[in-house]
Structures are given as structure tokens and as C-alpha cells.
Amino acid sequence: LVAFVVGLPSNLVALWVLLFRTKKQPSTILLINLTTCDLLLLVVLPFRIAYHFHGNNWTLGEPLCRLVIAVFYGNTYGSVLSLALISFDRYLALVHPIDGRALRSYRFSFYMCIAAWAVVVAAMAPLLATQQTYTLKSLNITTCHDALPVDEQGSFFLPYFASLFTICFLLPLLVVVFCYGCILHMLVKAGRRYNHAMRVTVLTIVVFLVCLLPSNVLLLSHYSNMVSADKAGEDNLYVPYMVMLALSTFNSCLDPFIFYVSSSAVRNMLGDMLQGIWNCVPVWEDRKSVV
């Protein structure tokens, strides 16, 4: 709920600035793609919020449950892939400014976004094709992706989410660490200021390690715990996992700050907007005193 209240307006403002108030550059396409992923994640949060406030009772049908789950996980991993693409773009711009010029084009940025979306759609197809709602008669509720058959957890969901973790989280994290590591190394070696690059690096790593890593680790541990022979049926990690899953949505609140820090054009634009608002305050006060 907090992520929705904070993240939705901040990402809408970010998208408006990127579309209408920012100089169009290849990196802008990647930032728009990241903001789009965050917005798609945020628009399905009300369904999850209502579901949990309703006692984890899903009343909207199987198709919508599948869609909400696929959009939720898909755009979470889509944001991760977008962050990796943005770090790669910054790597080309700063470490290989001449050799990488051919790759820093509108067309190449567009192709990278299309490739990221293709990976996300392919990754979410199994969730769309798998039953997600099950009725628990003892509790008189219908769950959405919360209570799944134990045999399917071992044969399908555990290897499925392990693959997602490797391809859509771990590999992008390695790309981010490599790209920003090379950027910082180049700046320090050249004796240039690196405070700005350090802030971008730290903020991006925080999104990965604080917001996203705990939920991914607990998800895999949860399925491993459920399918183990001596612990089958126990669900000791469910509550910690749900808490960390809620925390993972805060990456959509932090992402606008990443492009704010990484894009000088966006910083200048927002600075001009705030300055304009500030300049209007004395005028308003003067008019009040006159009245």
C-alpha cells in the first residue's frame, strides 16, 4: 500500500518528464522502459492489497489471478533487466565513448528494450499457463498463488523460480556490478570526479540487494522447505517471504531516483520546475497581504 501511494505518482511524474520535458537521447528510451515496468507493477498492486485485506480470499476468478501474478513478477524482473541495460548504456558512454558510439543509438536502445520484454513474456508464460487459485475448504477461502500442490512445487515451481532467479536476477546483477565497477575504476584512474557515479552505483545496488534479493532467496528457500521429505506441509517461511515480497515493491519507488541521479537533463528539468514553483510563492504571499 505504501509502495503504491508513493510509487505511482512519482513514476507518473517521471514518465511525464521523460516523454515531454527531456531531450530525446538513446538512454531516455531505457529510462522510459524502466518507468513503464514500474507503473505496470504498481497498477496491479491494488488487486494484491484487496486480496490480503480480504483475508487472502481471491474472488475475481482464475484468469485475473494468473494475469495479476504474471504482471507482478514479470514487471519486477523487467525492472531488474532495465536497470542492467541502463548500467550497460552508462558503461558504453563513459568507458568506451568512441568505440561504443555505434551501439548508443535509438535503434539499439529500442532493440534492447524489445529483447528485455521478450525475455519477460517468455519467462511469465508458464505462470499464465498454470493454475494459480485453489480453494481451502477448512478456511473457506480461495487463494491466489499462495497455496499450491506440494508435488507441483517440487516438480515445477522450484526449478522454475530457480531459473528466474538465475537468468532474470543474478545475471543482471553481475552486469550491473561489472559495468559500474568499470565506470568507477575508469573515473578514479583518470583522476576525475566520481561522486555522481558512486551515488548511482550505491542506489542501484541497494535496489538489488535490499529490495529484491531477500524476497528471491526466501522464495527459493520456501519452495525447498515445502518439498523436502521431512518438512513437507510446513510453511515456516511464508510470513517472512510475504513481508520481503512487499518490501520488493519498493524498488518501484527508488527507480525514479536512479534516473534522477543518472540523468543531468532530468535533474535540470526538475530543478527548473521547482525553481518556478518557488518563485511563485512570494507573489502569492504578496497577493494575500494585499487582499
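Keep in mind it's a predicted model, so treat the numbers as computed, not measured.

Moving on: the state of the cysteines. Here the structure, examined in full by the defined rule, presents one disulfide. Disulfide pairing places Cys65 opposite Cys144 at an S-S distance of 2.0 Å. Disulfide Cys65 to Cys144: torsion about the S-S bond roughly 105°, handedness right-handed. Note that Cys65 is positioned in helix 3 (residues 62-95) and Cys144 in strand 2 (residues 141-144), a separation of 79 residues in sequence. The exposure class of Cys65 is buried, given its relative accessible area of 0%.

For the rest of this paragraph, the subject is the pattern of salt bridges. The final tally for this structure, using the stated rule, is two salt bridges. The partner of Glu62 in a salt bridge is Arg66, with the nearest N and O atoms 2.5 Å apart. Of this pair, Glu62 and Arg66 both sit in helix 3, separated by four residues, roughly a single helical turn.

Let's shift gears to the packing of helix 4 (residues 106-128) against helix 5 (residues 150-189). Interhelical geometry of helix 4 versus helix 5 gives an angle of 170° and a closest axis separation of 11 Å. Considering their axes alone, helix 4 and helix 5 lie roughly antiparallel with respect to each other. Between helix 4 and helix 5, the residues in contact are Val119, Ala123, Met124, Pro126 and Leu127 and Phe156, Phe157, Tyr160, Phe161, Leu164 and Cys168, respectively. A per-class count over the contact of helix 4 with helix 5 returns 11 nonpolar, no polar and no charged.

Before going further, it helps to examine helix 2 (residues 26-53). Look at helix 2: 42 Å from first C-alpha to last across 28 residues, which is about the 40 Å you get at 1.5 Å a residue. Gly55 sits one or two residues past helix 2 and shows a positive phi near 75°.

The pairing of strand 1 (residues 133-136) with strand 2 spans four bridges and is antiparallel. If you follow Thr133 over to strand 2, its bridge partner there is Cys144. Counting the residues in the hairpin turn of strand 1 and strand 2 gives four residues, including Asn140, whose phi is positive at 60°.

Time to look at the environment of Tyr91. With respect to the element layout, Tyr91 can be found in helix 3. Judged by its relative accessible area of 12%, Tyr91 is buried. Along the backbone, Tyr91 and Phe178 are 87 residues apart, and their C-alpha atoms lie at a distance of 9.0 Å. Sequence-distant contacts of Tyr91, that is, excluding residues within four places in its chain, are made with His96, Phe178, Cys179, Cys182 and Ile183.

With that out of the way, let us pick up a nonpolar patch on the surface. Among the surface-exposed residues, Leu1, Val2, Val5, Val6, Phe53 and Phe250 lie close enough to one another that they form a single nonpolar patch of about 600 Å² accessible area. Within the secondary structure, Val2 is located in helix 1 (residues 2-20).

Another aspect to go through is the nonpolar core. Among soluble globular proteins, nonpolar side chains are generally buried collectively. Core analysis: the largest hydrophobic core is formed by 73 residues, its most contacted members being Tyr73, Met124, Leu127, Phe161, Leu164 and Phe169. Mapped by element, the contributors of at least two residues to this core are helix 1, helix 2, helix 3, helix 4, helix 5, helix 6 (195-227), helix 7 (238-248) and helix 8 (251-262). Of all the elements, helix 3 adds the most residues to this core, at 16 residues. The contact partners of Leu164, leaving out residues within four places of it in the chain, are Tyr77, Ala123, Met124 and Phe169.

Glancing now at the environment of Gln132. Mapped onto the fold, Gln132 is located in the loop between helix 4 and strand 1. Overall, Gln132 belongs to the buried group, its relative accessible area being 0%. Sequence spacing of Gln132 and Ile69 is 63 residues, and the spatial spacing of their C-alpha atoms is 8.5 Å. In contact with Gln132, other than residues within four places in its own chain, are Glu62, Cys65, Arg66, Leu127, Thr143, Cys144, His145, Leu148 and Phe157.

So, how was this worked out
- Residues numbered from 1 in each chain as written.
- Predicted model: local features only at pLDDT ≥ 70, side-chain atom pairs only at ≥ 80, totals over all residues.
- Heavy atoms only, no water.
- Disulfide = S-S within 2.5 Å.
- Helix = DSSP H or I, 4+ residues; strand = E, 2+ residues; numbered from the N terminus.
- Buried < 20%, exposed > 50% of the residue type's maximum accessible area, 1.4 Å probe, protein only.
- Salt bridge = Lys/Arg side-chain N within 4 Å of Asp/Glu carboxyl O.
- Axes fitted to C-alpha atoms, helices over the stretch in contact; angles between N-to-C directions.
- Parallel < 35°, antiparallel > 145°, perpendicular 65-115°, else oblique.
- Contact = heavy atoms within 4.5 Å.
- Nonpolar A, V, L, I, M, F, W, Y, C, P; charged D, E, K, R; others polar.
- Expected span 1.5 Å × (residues − 1).
- Pairing = 2+ DSSP bridges.
- Patch = residues over 30% accessible without salt bridge, like charges linked within 9 Å, V, L, I, M, F, W, Y side chains within 5 Å.
- Areas by Shrake-Rupley, 256 points an atom, 1.4 Å probe, with all protein chains shown as cover.
- Core = buried A, V, L, I, M, F, W, Y, C linked by side-chain atoms within 4.5 Å.

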